[in-house]
Amino acid sequence: MENQELLEIAKRTMQYAYVPYSHFRVGAALLAEDGRVFSGCNVENATYGATICAERTAIVKAISEGARHFSKIAIVSSGQDITPPCGICRQVLMEFMPKGNVVLQDKYGNIQEIAIDALLPMSFCADDIK
Ligand code: THU
């Protein structure tokens, strides 16, 4: 699937963001290796700390539907600039798509694609528990 198509799905999903506190909408679209796409938005909470980012919403939806391997995730937001995934999301993305790429687009249409292992070098992973 082309980056542009994945980005469009991420943009459409932003409308469902539950953001009464930050008013900052984030949408993600995750491409599984079996071809399925799982979308996600951020879901905030009055405790703030219980907020779930769009990327992890997409991952959790996908895992619970039986998908395990992913090649790409597109992320967009209501902000002006690109929205790089937060540290927790990088760690979760690394778990399921260590060789995958993150596709980011800003309000002006500029696209950046970067490998997850470049965003989270020397990460803690399954091998480190052995
Ligand atoms: N947010 C995401 O959904 N993904 C990120 O990677 C960065 C932050 C959300 C969490 C919160 O709802 C809002 O953006 C402001 O931090």
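Treat the numbers as computed from the prediction; the structure is a model and nothing was measured. (Residues numbered from 1 in each chain as written. Predicted model: local features only at pLDDT ≥ 70, side-chain atom pairs only at ≥ 80, totals over all residues. Heavy atoms only, no water.)

Participant: Quick one: what's the story with the pattern of salt bridges, residue by residue and with numbers?
Facilitator: A full pass over the atoms with the stated rule returns three salt bridges. Note that aspartate 34 and arginine 36 form a salt bridge whose closest N and O atoms lie 3.1 Å from each other. One salt bridge in this structure joins aspartate 127 and lysine 130, with 3.1 Å as the shortest N-O distance. The exposure classification of aspartate 127 matches that of lysine 130, with both residues exposed. (Salt bridge = Lys/Arg side-chain N within 4 Å of Asp/Glu carboxyl O. Buried < 20%, exposed > 50% of the residue type's maximum accessible area, 1.4 Å probe, protein only.)

Participant: An account of a nonpolar patch on the surface is needed here, citing residue identities and associated values.
Facilitator: A contiguous nonpolar patch, built from Tyr18, Tyr21, Val43, Tyr48 and Ile52 and spanning about 490 Å² of accessible area, is present on the exposed surface. Considering the arrangement of structural elements, one finds tyrosine 18 in the loop between α1 (3-13) and β1 (26-32). Judged by relative accessible area, which is 44%, tyrosine 18 ranks as partly exposed. (Patch = residues over 30% accessible without salt bridge, like charges linked within 9 Å, V, L, I, M, F, W, Y side chains within 5 Å. Areas by Shrake-Rupley, 256 points an atom, 1.4 Å probe, with all protein chains shown as cover. Helix = DSSP H or I, 4+ residues; strand = E, 2+ residues; numbered from the N terminus.)

Participant: How would you explain the pairing of β1 if you had to name every residue and give the values?
Facilitator: With respect to burial, β1 is a largely interior element, seven of its seven residues being buried. On β1, burial covers both faces: Val26, Ala28, Leu30 and Ala32 on one face and Gly27, Ala29 and Leu31 on the other are all buried. Here β1 runs beside strand β3 (residues 70-77); their pairing, made up of seven bridges, is antiparallel. Across the sheet, residue valine 26 finds its bridge partner in β3, namely serine 77. As judged from the five bridges shared by β1 and strand β2 (residues 37-41), these two strands associate in the antiparallel manner. Considered in β2, the bridge of glycine 27 is made with cysteine 41. Counting the residues between successive antiparallel strands, the hairpin from β1 to β2 contains four residues, one of them, glycine 35, with a positive phi of roughly 95 degrees. (Pairing = 2+ DSSP bridges.)

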